[in-house]
Amino acid sequence: MAELVALLGDPQRACPVIHITGTNGKTSTARMTDALLRSRGLRTGRFTSPHLVSFRERICIDGAPLTPEQFVAAYEDVIPYVNLVDQNHPVAMSFFEVLTGMAFAAFADAPVDVMVLEVGLGGAYDCTNVADGAVAVITPISLDHTRLLGGTVEEIAKEKAGIIKPGAVAIFGLQPAGAAEVLLRHAVEVGATVAREGMEFGVLSREQAVGGQQLELRGLRGVYDDLYLPLFGAHQASNAACALAAVEAFAGVADSTAPDSSTAGPGEAALDSGVVREAFANVRSPGRLEVLRRSPTVLIDAAHNPGGMAVTVAAVRDAFSFSRLAGVVAVNKDKDVAGILAELEPLLSEIVVTRNSSDARSMDPEELAEIARDIFGEDRVVVADRLDEAIDTAVALADEVSEAELPGSGGVLITGSVITAGDARMLLAPNGGMPPAEPPSAQPSRHSFTAAELS
């Protein structure tokens, strides 16, 4: 990857970078960070993975995926250099490495004012780490990809800490004690400034609201109240706090010692509250407890490991009051399947197991059913060979509520994988499931020009 970006002229150094890693919550945090930056008039390049429906979702400029023409142009720009790199190595560059190179090139060509980069896997050895983040965000760490990253949160934290570069500001979401110790030790070793959720910043209060939640957040240099976030769950409130702290740090509102905000005067060096409110109100995170249909309510969620599923279950209980919730689950066979199902069991009335569109990775429904029966019992497990059949079955189950219960009190949760959520979105959402364009920023980019200026 270093060879590729060198041949491309080091596009990853064309502007400052906010780098995001962690086990869960990375994409949502990246989207919120992007929205806050754009609300301040900055032109953004956002690189996230995986996608729900289209590869193009992974590379966004000013909140919008590259058009098909732009995507092809970015590929054609970098592929000659990819071929040169491949000649020097016994193994060709991977799909993700090539896509990362395309993102860097597209962002430099745009040009953007700031890149928001989500790590693909781990941190230190991830190909996005050829970029040096002025701000490094680490969302909560739990067990996932243990074959590659290690079997303990401490081992995984050591890998993820690799994105914290000398002199950077490190923003830590709530972490297990072992992971927090590893992250702090690395930050001290490289001379990074640290801000921790629950100490230097965090969620002061949250209340349920129609379609989301109402928040009060403490940032690094101010308190921001009356924030509407159209996403469900305490984990999304924490993601919002991390995004806010990251943008405050990037904007330079926290000084080099990152003091507690209580030492600052009221509103001193804080971001504009109105801008912050508008940014959060416009945030969208498709595939994250997203309501696709009503009566019965059909939710999709991309949780794909026990830690992620635990917060999904908590968010459903927090935000909804289903009398009967049927699950549609398709998982990848390289995951902790039993751990995922164990988190879901107390929440679901029945589980319909199926497969997603990843033929190489999706667990066979019958094999998944065997694991599910040990956890849910024989009577609560239904097998469907195709996702559309599974959804139809789950909808019928959700509608089977007693006459004493209110109409619409049943629901369906489709989950287990990002691929599963994306497949469901293609089946149920308009426009072939492609996420809608994000609202433009309220402030004009410094790269926008009026007709008079152009003339």
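Small disclaimer: the values here were computed from a predicted structure and weren't measured.

About the thresholds
Residues numbered from 1 in each chain as written. Predicted model: local features only at pLDDT ≥ 70, side-chain atom pairs only at ≥ 80, totals over all residues. Heavy atoms only, no water. Helix = DSSP H or I, 4+ residues; strand = E, 2+ residues; numbered from the N terminus. Rg over C-alpha atoms; globule rule 2.2 N^0.38 Å. Buried < 20%, exposed > 50% of the residue type's maximum accessible area, 1.4 Å probe, protein only. Areas by Shrake-Rupley, 256 points an atom, 1.4 Å probe, with all protein chains shown as cover. Lys, Arg positive; Asp, Glu negative; His and termini not counted. Charge placed at Lys NZ, Arg CZ, Asp CG, Glu CD. Core = buried A, V, L, I, M, F, W, Y, C linked by side-chain atoms within 4.5 Å. Contact = heavy atoms within 4.5 Å. Salt bridge = Lys/Arg side-chain N within 4 Å of Asp/Glu carboxyl O. Pairing = 2+ DSSP bridges. Axes fitted to C-alpha atoms, helices over the stretch in contact; angles between N-to-C directions. Left-handed = near helix turned anticlockwise from the far one by under 90°.

Undergrad: Provide a residue-level description of the overall build of the protein, including the pertinent values.
TA: When its secondary structure is counted, the protein shows 15 helices and 17 strands. In terms of overall dimensions, the protein is globule-like: its C-alpha atoms have a radius of gyration of 22 Å, near the 23 Å expected for 455 residues. Principal-axis analysis of the C-alpha atoms gives the protein an extent of 65 × 60 × 55 Å. Burial analysis of the protein (455 residues in total) assigns 55% to the buried set. Per element, the accessible surface of the protein, about 18700 Å² overall, is 53% carbon and sulfur. When the 34 basic and 60 acidic side-chain charges of the protein are each reduced to a single mean position, those positions are 2 Å apart.

Undergrad: Tell me about unusual backbone geometry, residues and numbers included.
TA: Omega for the peptide link from Ser-49 to Pro-50 comes to -10 degrees, which places this bond in the cis form. A cis geometry characterises the amide bond from Ala-110 onward to Pro-111, with omega recorded as -15 degrees. Tracing the chain through its elements places Pro-111 in the loop between helix 4 (95–109) and strand 5 (114–118). A positive phi angle, close to 45 degrees, is found at Leu-289, a residue other than glycine.

Undergrad: Got a sec to walk through the nonpolar core? Specific residues and values, please.
TA: Counting residues in hydrophobic clusters, the biggest one holds 37 residues, and the most contacted among them are Ile-171 and Phe-280. Counting residues per element, the ones that place at least two in this core are strand 1 (17–21), helix 2 (26–39), strand 5, strand 6 (135–138), strand 10 (212–218), strand 11 (223–229), helix 8 (234–251) and helix 9 (273–281). Here this core gets 10 residues from one element, more than from any other, and that element is helix 8. Filtering out sequence-adjacent residues up to four positions away, Phe-280 remains in contact with Met-32, Leu-36, Leu-217, Leu-227, Tyr-228, Leu-229, Pro-230, Ala-240 and Leu-244. Counting residues in each nonpolar core, the second largest holds 31 residues, with Cys-15, Met-93, Leu-117 and Cys-127 among its members.

Undergrad: Break down the pattern of salt bridges for me, citing the residues and quoting the values.
TA: Overall, the coordinates contain 20 salt bridges when judged by the stated rule. Asp-34 serves as the salt-bridge partner of Arg-38, at 2.8 Å between the closest nitrogen and oxygen. Taken as a pair, Arg-38 and Asp-34 lie in helix 2 at a separation of four residues, close to a single helical turn. With a relative accessible area of 0%, Asp-34 lands in the buried category. For the salt bridge of Arg-386 with Asp-388, the shortest nitrogen-to-oxygen distance reads 2.7 Å. It is possible to trace a salt-bridge network through shared partners that takes in Arg-13, Asp-132 and Lys-165.

Undergrad: An account of the sheet that holds strand 9 (residues 202–209) is requested, with residue identities and associated values reported.
TA: Paired through backbone hydrogen bonds, the strands of a sheet run either parallel or antiparallel to each other. The strand order across the open sheet built from three strands is 9-10-11, with neighbouring strands paired in antiparallel fashion. Every interior strand has two partners, whereas the edge strands, strand 9 and strand 11, have only one. On average, each strand axis in the sheet is tilted by 15 degrees relative to the strand beside it, whichever way the strands run. Helix 9 contacts strand 10 and strand 11 of the sheet and is inclined by roughly 25 degrees relative to strand 11.

Undergrad: Report on the packing of helix 3 (residues 68–86) against helix 4, specifying residues and quantitative values.
TA: Interhelical geometry of helix 3 versus helix 4 gives an angle of 115 degrees and a closest axis separation of 9 Å. In terms of crossing hand, the pair formed by helix 3 and helix 4 is right-handed. Contact residues: Phe-71, Ala-74, Tyr-75, Asp-77, Val-78 and Val-82 in helix 3; Val-98, Leu-99, Gly-101, Met-102, Ala-105 and Asp-109 in helix 4.

Undergrad: Which residues make up the environment of Lys-160, and what are the values?
TA: Summarising the element assignment, Lys-160 is placed in helix 6 (residues 153–160). In the structure, Lys-160 is positioned 11 residues away from Leu-149 in sequence and 8.9 Å away in space, judged by C-alpha atoms. The residues touching Lys-160, leaving out its near neighbours within four places in the chain, are Thr-21, Gly-22, Thr-23, Gly-122, Gly-123, Ile-138, Ile-141 and Leu-149.

Undergrad: Requested: an account of the sheet that holds strand 4 (residues 64–65), with residues and values cited.
TA: Ordered in space as 4-3-2-5-1-6-7-8, the eight strands form an open sheet in which the pairing is mixed. Each edge of the open sheet carries a strand with a single partner, namely strand 4 and strand 8 (193–196). The sheet contact formed by strand 6 and strand 7 (residues 169–172) spans four bridges and is parallel. Paired with Ala-136 across the strands is Ala-170, a residue of strand 7.

Undergrad: Go over the pairing of strand 13 (residues 297–300), please, and point to the residues and values.
TA: Burial along strand 13 is two-sided: the face carrying Thr-297 and Leu-299 and the face carrying Val-298 and Ile-300 are both buried. Pairing of strand 12 (residues 290–293) with strand 13 involves three bridges; the strand directions are antiparallel. Directly across from Arg-293, in strand 13, lies its bridge partner Val-298. Looking at chain direction, strand 13 and strand 17 (residues 410–415) are connected through four bridges and run parallel. The residue bridging Val-298 from the neighbouring strand is Val-412, located in strand 17.

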